[in-house]
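Listed here are the chains, written in short residue letters.
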Amino acid sequence: MILKAEILDDKAVKRTLTRIAHEIIEKNQGVEDLVLVGIKSRGVPLANRIAALIEKFEDVPVSIATVDITYYRDDLTEAYESPVLNKNNIEMDLKGKKVVLIDDVIYTGRTVRAAMDAVFDKGRAESIQLAVLVDRGHRELPIRADFVGKNIPTSKKENVKVHLAEIDGEDSVKIYDKE
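First things first, this report covers the structure right here in the doc. What you see is a predicted model; the values in this text were computed from it and never measured.

1. Section: the pattern of salt bridges
Going through the model one piece at a time under the given rule, you end up with eleven salt bridges. With its nearest N and O atoms 2.8 Å apart, the salt bridge here joins D168 to R42. Remark: R42 occurs in the loop between β2 (34–39) and α2 (43–58) and D168 occurs in helix α5 (residues 165–168); sequence separation between them is 126 residues. According to the relative accessible area criterion, D168 is partly exposed, its value standing at 31%. One salt bridge in this structure joins K174 and E170, with 3.3 Å as the shortest N-O distance. We classify K174 as buried; its relative accessible area is 14%. One network of salt bridges, in which partners are shared, links R49, E166 and D171.

2. Considering the environment of I64
One can find I64 in strand β3 (residues 63–67). For I64, a relative accessible area of 33% translates into the label partly exposed. For the pair I64 and H163, spaced 99 residues apart in the sequence, the C-alpha separation amounts to 21 Å. When residues no more than four places from it in sequence are discounted, the contact partners of I64 are L36, A47, N48, A51 and M92.

3. Things to note about the nonpolar core
By size, the foremost hydrophobic cluster in this structure holds 31 residues, and its most contacted members are I24, L36, I50 and I54. For this core, the elements supplying multiple residues, two or more each, are α1 (10–27), β2, α2, β4 (98–106), β5 (127–135), β7 (158–163) and β8 (172–177). When residues of this core are assigned to their parent elements, the largest contribution, seven residues, is made by α1. Contact partners of I50, with chain neighbours within four places excluded, come to L17, I20, A21, I24, L36 and I102.

Thresholds applied
Residues numbered from 1 in each chain as written. Predicted model: local features only at pLDDT ≥ 70, side-chain atom pairs only at ≥ 80, totals over all residues. Heavy atoms only, no water. Salt bridge = Lys/Arg side-chain N within 4 Å of Asp/Glu carboxyl O. Helix = DSSP H or I, 4+ residues; strand = E, 2+ residues; numbered from the N terminus. Buried < 20%, exposed > 50% of the residue type's maximum accessible area, 1.4 Å probe, protein only. Contact = heavy atoms within 4.5 Å. Core = buried A, V, L, I, M, F, W, Y, C linked by side-chain atoms within 4.5 Å.

Don't take any of this as a statement about function, it's just geometry.
Below, the structure written as structure tokens:
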């Protein structure tokens, strides 16, 4: 893959997450009954960072959960010859909670649909919202993010890569040509 552009650097990522944290607080009129659910793998550190920011702003800790959507994928047999099914890490009852799913990039919408199925298995949430660092378009399902860090119109011939310090050693968002 060939680097085409760096869209966000480390400072821009921090500013973007700060804005998303404020938007979540405003939309939910506080943090009562709020649960952030990070979608593995890069949604988890993003959820942790947003939770820390919300706690800093509101002086109240926010519940965090993680979800591995592998079992819920609609392309499980197509995409994986021998899929490894990990346990869903949502260990709390989500009945009556305001759930915010958090992921790095929304593309087709299939990952989000799978994450919503996992949430439904843990109780009837009051609402499910979606926060993403990047929306690159090309939806295959009627799913829209409530909180978007950056809209990046892309070609299907491009890859959007989110690099996070916790996983990759740096914070950035870059676009690569697949060719």
